[in-house]
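# Breakdown of the fold
Each chain, letter by letter, is given below.
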Amino acid sequence: MSFASAPRPTPAPPRADRRRGALAPTIIVLGALGVLVMIAAQLWTEVLWFDVVGYIDVLRTEWLTRGALFAGGFLLMAGAVFASLSVAYRSRPVYAPSTPEQASLDQYREMIEPLRRLVMVAAPGLLGFFAGAAASAQWQTVLLALNGEPFGERDPEFGMDIGFFVFTLPALRFVVSFLMAVAIIAGIAAVATHYLYGGLRLGGEGERTTRAARVHLASIATVVMLLIAANYWLDRYSLLIQPSELGTAGVQGAFFSDVNAVMPSRLILAGVAVLVAALFVVAAFQGSWRLPAIGVGVMVVSAVAIGGVYPSVVQRFQVAPNEQEAEAEFIQRNIDATRAAFDIDDIEVETYNAALEGEEGALRADADTTASIRLLDPSVVSNSFRQLQQNKQYYNFPETLSVDRYEIDGEMRDTVIAVRELNLNGLGAGQRTWVNDHTVYTHGFGVVAAYGNTTQADGRPAFFQGGIPSTGALGDYEPRIYFGQSLPEYSIVGAPEGTEPWELDFPDDDSAAGQVNTTFPTQEIEAGPSVGNVFNQLLYALKFGSEQLLFSDRVTSESQILYDRDPRDRVGKVAPFLTLDTRVYPAVVDERVVWIVDGYTTSDQYPYSSSRALEEITVDALTGQSDVIAALAPQQVNYIRNSVKAVVDAYTGEVTLYAWDTEDPVLRAWDNVFPDALEPIDEISGDLMSHLRYPEDLFKVQRNLLSTYHVDTAAEFYSGQDFWRNPQDPVTESQAQPPYYLTLQMPTQDEPSFSLTSTFVPGGNTDRQVLTGFLAVDAETGDTPGEVRDGYGTMRLLELPRNSTVPGPGQVQNAFRSSPEVSESLNVLTLGSSEVVNGNLLTLPVGGGLLYVQPVYVQSATGTQFPLLQRVLVSFGEEIGFAETLEEALDQVFGGDAGVDDLVPDDNLPTAPEAPIDDLPGGEAPEPAPTTEPTTEPTEEATTEPTTPAETGDARARLESALTDARDALQDGQTALGEGDFAAYGEAQQRLQEALERAIAAEAEIDAG
């Protein structure tokens, strides 16, 4: 039988009245051109953006690498499949026996023949496209392999440098896997073509394959077998980073059965695969598939018996009965590697026998720490910032503010700080035009900062920087915020010199228009790509779907377009090799507002180190409620370093990456890839250095690891009896308690330092909430230009004795809520239209024990809400203090005298004016409060006479009368607060305090009776 193509019948001439329509092809062509134009617009605008930001080399390197990998993957896959199809087709037999099988295939051959050439080109091209895309995605893996640096440490099993596992092994696995996919797909194409054209038969007498088909298929099978052998060989190294069968979650590495059974089996299987490959070579020339078939069968049986059954037998009968002893060496490997990979191998550990009773004067030695206790909760007081500093409805502050340190009058003070950003949702629907959204409201204005350890007399934050224009202790700085976390998608800024400004700068009642306008100096500063020509206008009109960019008179020859304005997004684009911290925080540095972003280099290839999912262990009670804390993409890591400090200028958008951890081999490898992307640490100014700090996400990861890896020996780790966990947040009772920045002095320190802290409670299946450990890391970087302060990053762990009964955060919060005195007072505070808001529960190792401090705020239950600090709760051991001030509360738990005085700062501290929003209920906005001095002069409407009967009256009647007075005082206070009359509010708070004291005394008398 011949497989030559039959002559085609001569086609009939086309009918004159049937002409192919041009509409469909035109639509297809125009659609394709439209897609290409949109793609080109996206790509070229990326080039423009990177060029302006100054990181065009990053984009060029990434795109060239991706392009080269795509081309290589495409050519390899498409070429192999095309070659396989071509060889199979050209070597088809001219004649073949007439069999029913071949007869049934004739109709398929006839169907395919008209499309054969198209299929032989299109199929390899399509497969090549997907292969190229898959190869392109591995650009970081390939670049790291080509630019890897040695770690200077060797793995405990093979004695190879860790860099081989981190940099080289992933690339080798990718290459082998890719080649295997190419070989298998090419083999499938060859089998299908040979079968279709008779080179391979399933039935009939005689030879089942032609000689050409046998050589072709045997060659491909040989390559596949050799790649399988290479894969088995690499499996031996990959065992060091695979999950272990040990019970503890996240443990990785090769343990007893892996080292003594799995690794030898992989060597044997690799040898078997090489032998089978040789048998396929023999089969290609001998004409029989018998030997390679037997070889494949032996390999399958070996994979099951040697690769699966044997290790299971070893695990069950040799390891399991003696697991602790058998795995001790490998558990120790895991402990050592995990500590090194997560940088927790050099921790100062101290046993802390915490006192449970507060003695008089116990805090005298910790006066500095006590004076710095932060009473302003950054996750609670955002509404207070809004009501007192927002100024206009089109400004806003985030739900979660930032904690920092600033030097005020020569003293470093903990600070709660926020940037006044735009909030276009605050505008009415009639004002939401394209002109307003993108050319008028272009930037926020100024920062607002308050002392962390004090408030004004009525509980408002004590601001030392605020107002519009911005004034205060921070001095002069550029207040305009063109780059931030809640700005429009894009803004058009700039205009020719002499043009009347139209960008809203800040509201000003003294101005004729009620506002001051500005023009961004695009002639001097290149903050965004130019849209001063029609071509760029067209590109960005396509990118953002805004035809106004082409027709608006406000898009001038000097205009620039600002987009990708979120600091985290900007850093992520110019440094795609970094994992970024979820928190971005602002700072006033060298007379500029900057955003600081912590960048991490990570890996999941560190041998024997345990793995963690970043997106899971960085979640806490704070991240869920915040509108500015980003969520991490799913990522497993077993190595992490805070290698880069990134700074984004809020005015110009300039991004600067500082190489922070120069000893990190992963960072050094990326520095080889992008030699111009990183600035040396020497370029960090002293002012900037003072605002850098230890990052939160890294600390969350480390505290999670330390809950398990604080143990020293394999025996302790195996038993797990001393494992810990981080407690749930006692206030929200959901997710883990977040870490807190505090200025404190650990028992092993000579002086206080700005630190990041967390606590531990027992792990396992228990609800016991006693404290087991307290962790603090020195977060203070110093203020020396280009030099990090000695001690920065030092982690100190206080381990409480195992028989300790020091209450944990959950127990302390429960004690606060169940205390009759506290609950009575809080119930009174919630009378009427008020509600109580508990602040963060802070833990401090002072006075020889653990001190807990929690601020208590009161706010209106409805209408205008902003919390005011009214009480402070403290706990030490079993004692509870509850008072208007921290000093009074401490004295209650330390024998009447805690040993600290003057916790309320001097009234002469620098303060800033308040700029409340202009639509507070009750009419006019409250007047600015220039100082922190209390204003207690009663208003005419206020009544200072109590309604209680004589002290000799019945205790029950006195209690009811006191509660009535408290309710009236609360209502008067809320009324005064709504009207902005803070003097009347302060007077009402005094009456409330007096009524509460009388109510508590009457309650005690009733209980005693």
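Below, the structure is looked at part by part. All of these numbers come straight from a predicted model, not from anything done at the bench. (Residues numbered from 1 in each chain as written. Predicted model: local features only at pLDDT ≥ 70, side-chain atom pairs only at ≥ 80, totals over all residues. Heavy atoms only, no water.)

### Things to note about the packing of helix α2 (residues 56-90) against helix α6 (residues 162-196)
Test applied: Inter-axis angles, ranging from 0 to 180 degrees, are taken between N-to-C directions of lines fitted to C-alpha atoms, where helices are fitted over the stretch in contact. Only runs of H or I of at least four residues qualify as helices and only runs of E of at least two qualify as strands under DSSP, and these elements are numbered from the N terminus. Angular relationships are summarised with four words: roughly parallel below 35 degrees, roughly antiparallel beyond 145, roughly perpendicular across 65 to 115, and oblique for the angles in between. Two helices crossing with the near one rotated counterclockwise from the far one by less than a right angle form a left-handed crossing, whereas a clockwise rotation gives a right-handed crossing. Residues count as neighbours in contact if any of their non-hydrogen atoms are within 4.5 Å of one another. Charged means Asp, Glu, Lys or Arg here, nonpolar means Ala, Val, Leu, Ile, Met, Phe, Trp, Tyr, Cys or Pro, and polar covers whatever is left, Gly included.
Close contact between α2 and α6 brings their axes to 8 Å; oriented N to C, the two are set at 25°. Here α2 is positioned roughly parallel relative to α6, judged by the angle of their axes. Handedness of the crossing formed by α2 with α6: right-handed. The residues of α6 that touch α2, namely those facing Gly73, Leu76, Met77, Ala80, Val81, Ser84, Leu85, Ala88 and Tyr89, are Phe178, Leu179, Ala181, Val182, Ile185, Ala186, Ala189, Ala190, Thr193 and His194. A per-class count over the contact of α2 with α6 returns 15 nonpolar, four polar and no charged.

### Some points on a nonpolar patch on the surface
To be explicit about the condition: Candidates for patches are residues over 30% relative accessible area with no salt bridge; among them, like charges are joined within 9 Å and nonpolar side chains (Val, Leu, Ile, Met, Phe, Trp, Tyr) within 5 Å. In these tables, accessible area is a Shrake-Rupley quantity obtained with a 1.4 Å probe, and a residue counts as shielded only by the protein chains included in the view. A side-chain nitrogen of Lys or Arg and a carboxyl oxygen of Asp or Glu constitute a salt bridge if their distance falls within 4 Å.
Nonpolar side chains collect at one region of the surface, where Val29, Leu30, Leu33, Val35, Leu36, Ile39, Leu43 and Trp63 lie side by side and expose about 740 Å² of accessible area between them. Considering each element in turn, the nonpolar patch owes the most residues, seven residues, to helix α1 (residues 23-53). Mapped onto the secondary structure, Ile39 falls in helix α1.

### Describing the sheet that holds strand β19 (residues 639-649)
Here is the rule: Criterion used throughout: strands pair if DSSP finds at least two bridges between them.
Read across the open sheet, the five strands follow the order β15-β16-β19-β20-β21; overall the sheet is mixed. Where the open sheet ends on each side, the last strands, each with one partner, are β15 (579-589) and β21 (678-679). As judged from the nine bridges shared by strand β16 (residues 592-603) and β19, these two strands associate in the antiparallel manner. From the neighbouring strand, Trp595 faces β19, where its bridge partner is Val648. Running at roughly 120° to β15, helix α16 (residues 567-574) makes contact with β15, β16, β19 and β20 (655-659) of the sheet.

### Thoughts on helix α22 (residues 809-818)
Rules: Exposure is judged per residue with a 1.4 Å probe applied to protein chains only, and the accessible area is read against the type maximum: over 50% gives exposed, under 20% gives buried, and values in between give partly exposed. It is the directions from the helix axis to the C-beta atoms that the arc portrays.
Inspection of α22 places Pro809, Val812, Gln813 and Phe816 among the buried residues, and these make up the whole buried set. Projected down its long axis, α22 shows its buried positions confined to an angular sector of 100°, all on one face. Looking at the packing, one finds that the buried side of α22 touches β24 (753-762), α23 (820-829), β27 (834-838), β29 (851-860), β30 (868-876) and β31 (879-883).

### Quick look at the packing of aromatic side chains
For clarity, the cut-off: Two aromatic rings from Phe, Tyr or Trp, using only the six-membered ring of Trp, form a pair when their centres are within 6.5 Å; if the ring planes differ by under 30 degrees the pair is stacked, by over 60 it is edge-to-face, and anything between is tilted.
Taken as a whole, this structure holds 40 aromatic pairs when the rule is applied. Summarising the aromatic geometry, the rings of Phe174 and Phe178 are spaced 6.0 Å apart at their centres and angled 45° between planes, so their arrangement reads as tilted. Within this pair, Phe174 and its partner Phe178 are both found in helix α6, separated by four residues, close to a single helical turn. In terms of burial, Phe174 and Phe178 fall into one category: buried. Each ring, one from Trp670 and one from Phe674, has its centre 6.0 Å from the other, and the planes form 10°; the classification is stacked.

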